[in-house]
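Chain by chain, the residues run as shown.
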Amino acid sequence: MTPEYALPSLGSFFRDASKVAKPPWNGERLETSSEFELDSLVQRAVTRSAAQFWTAQAEPDITPPNNDSPLPSPASPPTACVPLPAVTRAPSDLSTPPVDIGTQAKPKNRAKRRSREKRKASRAKSVLEADRTQFGTYQVPKASLSKHRGLSKPLASRFDVSTSKVASSSFVGARRKFDLEKKLWSLEELQLATGFPVHSWDGHTPTPIHDSKGRIFALCGGQPAAPGSADWDADLAHAAELLEEARRNLRLPPGSRDHRRGSFTAVPSGITHGNGTTRPCNAHHSPHNAQVINHLSQTLFAAWFPGQYEYYNACLGALFAQDTQLRRNYSNSVFPAATYNVGPSTVCCLHIDDANLPFGICAITALGNYDPKLGGHIVLWDCGLIIEFPPGSTILIPSAVVAHMNVAVRPGETRYSFTQYAAGGLFRWVEHGFQKDGSFFSQLDDEALAVQKELETRRWAGGVDMFSKLSDLVGATK
């Protein structure tokens, strides 16, 4: 928050004070006015200093490289910071009314207040440290691995993930333009225009999608509850209500609801780096009511993409350990960012999320009230597939290299989505020693620079090798 006042620098304060004539002091005790309150003045000064500090530390506006949202988000202060106690008078009110000495807080009460504040700060620090040290410790139970992998029904595609276009560094995807008209396509219109087959999916059965070489690059994951679960159905309905309420209460600039991914409102959350940012920074922080969806996405990611999962652990774990101001959306989750697409009709046009890690994974969870047989499908354009996407289910794709879109839902129906992903710039920042490219490369001699160029040429091939084959995963479960 930007304060309405500014403090002079300490240097100028001391220089001015040195020029003031000082009257002689004869050793007698000096009495202050009854209106003087040291506690109040100190508290006011601390509050002003804190406000000025956060103004100086504020991050610039960002455009997170998320799955379904191009909207910028303000940065958030670090979680380790404990809010200061409320000031009883406005900072702009420099006058101090007379105070009855008998009503002032006793020293004992002030000591208790300070003790409470210290305990609160200690608890906040403990939570932050626990959150940081738990990063990447999650392991999928073997029972869950057997369930997901053993009951899966693979789906083949014509796609070859190794032929995808990526940037020269392989930290982000390559930008692409699409000739398909930006409009809402019904299922019938899309089939007539493309001839793509429609794959029926119940939203529960794990369905890995493999490329022409047998590599699993996408997954129709499922739901965190059995079909017909009353509790899960209630949770879904409640989640949709919360997203709709959030959409109605959002205050966004004109035109922010109409972007290259479609005409719907999106709210980013988590940390990002890229598209103009100078270092990794915070977007909005996620509420905890999406924790159950995150847990499912985390389980599916670790179970079906173990290579990428370990890479996320290594790089992002180092990032959070190095920069304590960064805030994770959820404890024990390797997805650093998320977006709430609050619709009310979240239907994406054909696009890729090129700022994401190209061999990374984006988890998409559909919510709302629509008929998945008639609309809301996910279209994997490069694979030639149209897949039913029931509300409450989760699908994982490499969104930076696979072009994707949605089939329109019918009038009167609602569709929302919750996506989790990772910006490729985060991994570049870590691998380049937690600094910008210019600083990193300027320190390299010719030999070291040649080594880095060789690493860039091999990075994409190494990322492709992280995609597993079903036979390897099933064999590892036994």
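Anyway, here's the lowdown on the structure attached to this text. (Residues numbered from 1 in each chain as written. Predicted model: local features only at pLDDT ≥ 70, side-chain atom pairs only at ≥ 80, totals over all residues. Heavy atoms only, no water.)

With that settled, the discussion passes to the pattern of salt bridges. Oppositely charged side chains can pair when the atoms bearing their charge come close. One pass over the structure, following the stated rule, counts 9 salt bridges. Salt-bridge contacts for Glu388 lead to Lys373; the nearest nitrogen and oxygen are separated by 3.3 Å. Separated by 15 residues along the polypeptide, Glu388 in the loop between strand S10 (385–387) and strand S11 (394–397) and Lys373 in the loop between strand S8 (362–369) and strand S9 (378–380) bring together distant segments of the chain. Glu454 is the salt-bridge partner of Arg458, the closest N and O atoms lying 3.3 Å from each other. Highlighted residues: Arg458 and Glu454, both in helix H11 (residues 446–465), separated by 4 residues, approximately one helical turn. (Salt bridge = Lys/Arg side-chain N within 4 Å of Asp/Glu carboxyl O. Helix = DSSP H or I, 4+ residues; strand = E, 2+ residues; numbered from the N terminus.)

With respect to the helices and strands, the residue Gln420 is situated in strand S13 (residues 414–421). Overall, the relative accessible area of 1% leaves Gln420 in the buried class. For Gln420, the side chain forms a polar contact with the side chain of Ser297, separated by 3.2 Å. (Buried < 20%, exposed > 50% of the residue type's maximum accessible area, 1.4 Å probe, protein only. Polar contact = N/O pair within 3.5 Å; in protein donor to acceptor, adjacent residues only side chain to side chain.)

Looking now at unusual backbone geometry. With a phi angle near 65°, Ser170 is a residue other than glycine that sits in the positive phi range. Residue placement: Ser170 occurs in the loop between strand S1 (155–156) and helix H5 (187–194). Residue Phe434 is not a glycine yet carries a positive backbone phi of 60°. Looking at the secondary structure, you find Phe434 in the loop between helix H9 (424–431) and helix H10 (437–442).

Among the secondary structure elements, Ser212 is positioned in the loop between strand S3 (207–210) and strand S4 (216–222). Sequence separation between Ser212 and Asp160 is 52 residues, and the spatial gap between their C-alpha atoms is 5.5 Å. When residues no more than four places from it in sequence are discounted, the contact partners of Ser212 are Ser157, Arg158, Phe159 and Asp160. (Contact = heavy atoms within 4.5 Å.)

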